[in-house]
Amino acid sequence: MSMHAAPQSTVVDDPKARELLRQAFEKTARWQADFKGFTADLTVNINGKETKGPVMVKGPREVSVQLGDAEVQKWAQEQLGMIAVHRGPRSFEESDGKYSLTMSEDGHPFGTRLDIHGSNSFYRIKDNRITQINRKMAHPGMTPFAFTINVEESAVTQDQKNLTTRYTVYYYSPTDGKLNNVESFTDTHVRVGSSDLPATRRIITYENGEVVVKSLTFTNHKLV
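Residues numbered from 1 in each chain as written. Predicted model: local features only at pLDDT ≥ 70, side-chain atom pairs only at ≥ 80, totals over all residues. Heavy atoms only, no water.

**Examining helix 2 (residues 70–87)**
1) Next: Taking 1.5 Å of rise per residue, 18 residues should cover 26 Å, and helix 2 covers 26 Å from first to last C-alpha, within 8% of that figure.
2) Next: By the burial criterion, the buried members of helix 2 are Val72, Trp75, Ala76, Gln79, Leu80, Gly81, Met82, Ile83, Ala84 and Arg87.
3) Next: Structurally, the start of helix 2 carries an N-cap: the backbone nitrogen of Glu71 is 3.0 Å from a side-chain oxygen of Asp69. (Helix = DSSP H or I, 4+ residues; strand = E, 2+ residues; numbered from the N terminus. Expected span 1.5 Å × (residues − 1). Buried < 20%, exposed > 50% of the residue type's maximum accessible area, 1.4 Å probe, protein only. Polar contact = N/O pair within 3.5 Å; in protein donor to acceptor, adjacent residues only side chain to side chain.)

As structure tokens, then:
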């Protein structure tokens with residue numbers, strides 16, 4: 001969910017940890033290397049209020065959303081940018097493979113703990129899947145925050161890759177551990193050509209004293 005600086009770690013890399021994470025990385029569904037993007041019609045529903053408009057996604061920094069409500073448009077653009085970051089093609093060496101990696105077994109139901117030194121992160125891995133992501137973030141001018149993502153359900157694509165369909169994010173303070181919010185995501189996908197594109201996303205969260213249900217529904221997908 002973020003870009004990290006170059007690793008600064010004196011920890012000795014564990015080849016077994018590296019292979020474990022590499023296998024999970026390579027089993028994760030991503031858009032193919034020659035993916036040029038897609039267009040679709042988007043309907044956003046926030047607690048019953050609908051907004052509609054066209055979208056174009058070419059990459060994490062090339063997302064266009066045209067909705068009648070500026071606030072909803074900004075939120076939808078952020079969601080699509082996040083999807084593109086996670087689904088965009090990249091190599092293991094470009095992502096977590098550039099860090100020193102170690103692992104430990106502690107009997108956790110979500111699997112082996114894998115520490116990514118120099119990134120303030122650790123994962124859990126089970127059955128060649130990343131099942132949990134733990135990360136602490138500190139950007140200049142921003143209050144530090146941390147989150148844990150629990151991957152609850154995944155689908156297997158036609159390419160035999162794991163594609164997450166349900167996960168929950170817990171946001172908390174890295175200083176006192178206070179829980180600030182929880183977001184529950186449920187995703188579905190549609191196969192267009194050789195690509196698995198977003199079909200729906202539902203997010204249940206807590207905002208301003210109430211539980212809010214937001215959904216994005218994509219139709220009329222076309223590859224760019």
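Moving on, there is more to tell.
**Considerations on the sheet that holds strand 5 (residues 112–117)**
1) Next: Strand order in the open sheet made by the 12 strands is 3-2-1-12-11-10-9-8-7-6-5-4, with antiparallel pairing throughout. Of all strands in the sheet, those with a lone pairing partner are strand 3 (62–65) and strand 4 (100–104), marking the two edges. When the angles between neighbouring strand axes are averaged without regard to direction, this sheet yields 20°.
2) Next: Pairing between strand 4 and strand 5: five bridges, direction antiparallel. Directly across from Leu101, in strand 5, lies its bridge partner Ile116. (Pairing = 2+ DSSP bridges. Axes fitted to C-alpha atoms, helices over the stretch in contact; angles between N-to-C directions.)

**Re the packing of aromatic side chains**
1) Next: Across all of its chains, the model carries six aromatic pairs by this definition.
2) Next: Their ring planes at 20° and their centres at 4.4 Å tell us that Trp31 and Phe35 sit as a pair that is stacked. Exposure class is identical for Trp31 and Phe35. Each is buried.
3) Next: An aromatic cluster of at least three residues, connected via ring pairs, comprises Trp31, Phe35 and Phe38.
4) Next: Looking at Arg30, its charged tip hangs above the ring of Phe25, at a distance of 3.8 Å from the centre.
5) Next: In this structure, Arg113 packs its charged tip against the face of Phe122, placed 3.6 Å from the ring centre. (Phe/Tyr/Trp six-rings, centres within 6.5 Å; stacked < 30°, edge-to-face > 60°. Lys NZ or Arg CZ within 6 Å of the ring centre and 35° of its normal.)

**Description of the pattern of salt bridges**
1) Next: All chains considered together, the criterion is met by 12 salt bridges.
2) Next: For the salt bridge of Arg22 with Glu93, the shortest nitrogen-to-oxygen distance reads 3.0 Å. Here Arg22, found in helix 1 (residues 15–26), pairs with Glu93, found in the loop between helix 2 and strand 4; they are 71 residues apart in sequence, far enough to count as distant.
3) Next: Using a relative accessible area of 22% as the deciding quantity, one classes Arg22 as partly exposed.
4) Next: Residue Asp187 is joined to Arg201 by a salt bridge in which the shortest nitrogen-to-oxygen separation is 2.8 Å. Remark: Arg201 occurs in strand 11 (residues 195–207) and Asp187 occurs in strand 10 (residues 179–192); sequence separation between them is 14 residues. By the burial criterion, Asp187 is buried, and Arg201 matches it.
5) Next: Sharing partners across several salt bridges, the network here consists of Glu152, Glu153 and Arg166. (Salt bridge = Lys/Arg side-chain N within 4 Å of Asp/Glu carboxyl O.)

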